[in-house]
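# Coordinates in review
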Amino acid sequence: MSTATRTVPAEPVTPGSTTSGQRRPRTGRERTNWPATVILIVCTLAVLVPLYVTISMAFKTTGQAVDGNAFSLPGPLTLDSFAQAWTLTNFPRGFAISVFVSVTAVIGEIVVSALAAYAIVRNWDRRLFRWSFFYLLAAMFIPFPVVALPQIQLTGLVGLDNPLGVAILHIVFALAFNTMLFTAFLRSIPLELEESMRMDGAGTWQVFWRLIFPLLGPMSATVGIFAFIGSWNDFMMPSLIISDPELQTIPVLQKIFQTQFSNSYNVAFASYLMAMAPAIIVYLLTQRWVMSGLTQGAVK
């Protein structure tokens, strides 16, 4: 005896409707956020136009640079301005000093700020550590020019009126902001990871260097790029602290030789381009880690 199968009629599908679990296709165009688009275009032009002028002027001859048209393309291209800027400012020496200051500041800011943030976060229930964090936050509102004179006198007394003293001051003055970044990131790391490692007999230093510090990689990259750009482009602190003109960084050397650049705009722009190229290259190579560190540190 055969059994009749009962068929269920399919539901009619009207135009524009979708079945369950499917996303309705978009039929109209999304509206363009014109205010945000205009702001984005203006900000992009504010960066690209000066950069174009700098690159264009750097590859021009002296006659082309003084013709009054900064937006014209160089023709023919020449590297004479780079050679003149290289020898005029003694660029290799200034570059080496700037690299020393920047690398020392980067390493010091990452290590010191990470240690301070770890001590504060893991001892937050103790009043001393909690108020130390508030003290560091208050220090963010004290700019360097306010305490510049005492710092000049202090570095001179202890013999740190040199590039090493500048690097140490960069570490100290960036401690508040960097500790705040590391503190926000450390709060997102589960405490159970440390407890499991301590059960295996690890001490505090072993927990920090073997477990915590590797996990701080994204935020360390963020702090590192901020430290590099800040120390590489800094003009005020080296000009005030370093007493020997032979040991000045690149921004200060460009200021010293600015009078010799007055009639040679191509040499001046070539020097500026060589000075800012390392910071641009470093940021382009590490920007994804910077964004990752900021987003992970902001969301627990």
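Model, not experiment: these values are computed from the prediction.

## Structural notes on the packing of helix H5 (residues 127–139) against helix H8 (residues 175–186)
In contact at an axis separation of 8 Å, H5 and H8 are set at 130 degrees when each is read in the N-to-C sense. The angle between H5 and H8 places the two elements in the oblique class. For H5 against H8, the interelement crossing comes out left-handed. On H8, the residues that touch Phe133, Leu136, Leu137 and Ala139 of H5 are Leu175, Ala176, Thr179, Met180 and Thr183. Per-class residue counts for the contact of H5 with H8 are seven nonpolar, two polar and no charged.

## So, the layout of surface pockets
Looking at the largest pocket, its volume works out to about 670 Å³. Surrounding the largest pocket, 25 residues form its lining, His170, Val172, Phe173, Ala174 and Leu175 being those nearest its centre. Where the lining of the largest pocket is concerned, the elements lending two or more residues are H5, helix H7 (163–173), H8 and helix H11 (217–232). Taken together, the residues that form the lining of the largest pocket break down as 18 nonpolar, five polar and two charged.

## A word on the pattern of salt bridges
Evaluated as defined, the whole model comprises three salt bridges. For Arg93, the salt bridge identified is with Glu246, shortest N-O distance 2.2 Å. You can see Arg93 sitting in helix H4 (residues 91–122) and its partner Glu246 sitting in the loop between helix H12 (236–241) and helix H13 (250–256), a full 153 residues away along the chain. Classification of Arg93 by relative accessible area gives partly exposed; the value is 29%. Glu194 is the salt-bridge partner of Arg122, the closest N and O atoms lying 2.5 Å from each other. With Arg122 in helix H4 and Glu194 in helix H9 (residues 191–199), this pair connects stretches of sequence that are 72 residues apart.

## Side note on the packing of H4 against H11
Working note: a packed helix pair is described by the angle between its axes plus the distance between those axes. Interhelical geometry of H4 versus H11 gives an angle of 145 degrees and a closest axis separation of 8 Å. Relative to H11, the crossing made by H4 is right-handed. On H11, the residues touching Phe95, Ser98, Val99, Ser102, Ala105, Val106, Glu109 and Ile110 of H4 are Ser220, Val223, Gly224, Ala227, Phe228, Ser231 and Trp232.

## Focus on the UniProt feature "transmembrane region" (unreviewed entry) in the chain
The positions that UniProt labels "transmembrane region" (unreviewed entry) are, in the present scheme, residues 33–53, 95–121, 133–152, 164–186, 207–229 and 267–286. Annotated as 100% helix and 0% strand, the span residues 95–121 places its first and last C-alpha atoms 38 Å apart. Helix makes up 60% of residues 133–152 and strand 0%, whereas the separation of the span's terminal C-alpha atoms amounts to 27 Å.

## What about H11?
With 16 residues, H11 extends 22 Å between its outermost C-alpha atoms, agreeing within 8% with the 22 Å of an ideal straight helix rising 1.5 Å per residue. For H11, the full list of buried residues reads Pro218, Met219, Ser220, Thr222, Val223, Gly224, Ile225, Ala227, Phe228, Ser231 and Trp232.

## So, the environment of Phe185
Of note, Phe185 is situated in helix H8. Classification of Phe185 as buried rests on a relative accessible area of 3%. For the pair Phe185 and Pro218, spaced 33 residues apart in sequence, the C-alpha separation works out to 9.3 Å.

## Let's talk about the nonpolar core
In terms of nonpolar packing, the biggest core is built from 34 residues, with Phe182, Leu186, Val207, Ile212 and Leu216 touching the most fellow members. In contact with Ile212, not counting residues within four places along its chain, are Tyr118, Leu186, Ile189, Glu194 and Val207.

Calculation notes
- Residues numbered from 1 in each chain as written.
- Predicted model: local features only at pLDDT ≥ 70, side-chain atom pairs only at ≥ 80, totals over all residues.
- Heavy atoms only, no water.
- Axes fitted to C-alpha atoms, helices over the stretch in contact; angles between N-to-C directions.
- Helix = DSSP H or I, 4+ residues; strand = E, 2+ residues; numbered from the N terminus.
- Parallel < 35°, antiparallel > 145°, perpendicular 65-115°, else oblique.
- Left-handed = near helix turned anticlockwise from the far one by under 90°.
- Contact = heavy atoms within 4.5 Å.
- Nonpolar A, V, L, I, M, F, W, Y, C, P; charged D, E, K, R; others polar.
- 1 Å grid on protein atoms, 1.4 Å probe; cavity = no way out; pocket = protein on both sides within 12 Å on 5 of 7 lines; lining within 4 Å.
- Points joined across faces, edges and corners; volume = space filled by probe spheres on them.
- Salt bridge = Lys/Arg side-chain N within 4 Å of Asp/Glu carboxyl O.
- Buried < 20%, exposed > 50% of the residue type's maximum accessible area, 1.4 Å probe, protein only.
- UniProt positions renumbered as here; feature names shortened; annotations may be inferred.
- Expected span 1.5 Å × (residues − 1).
- Core = buried A, V, L, I, M, F, W, Y, C linked by side-chain atoms within 4.5 Å.

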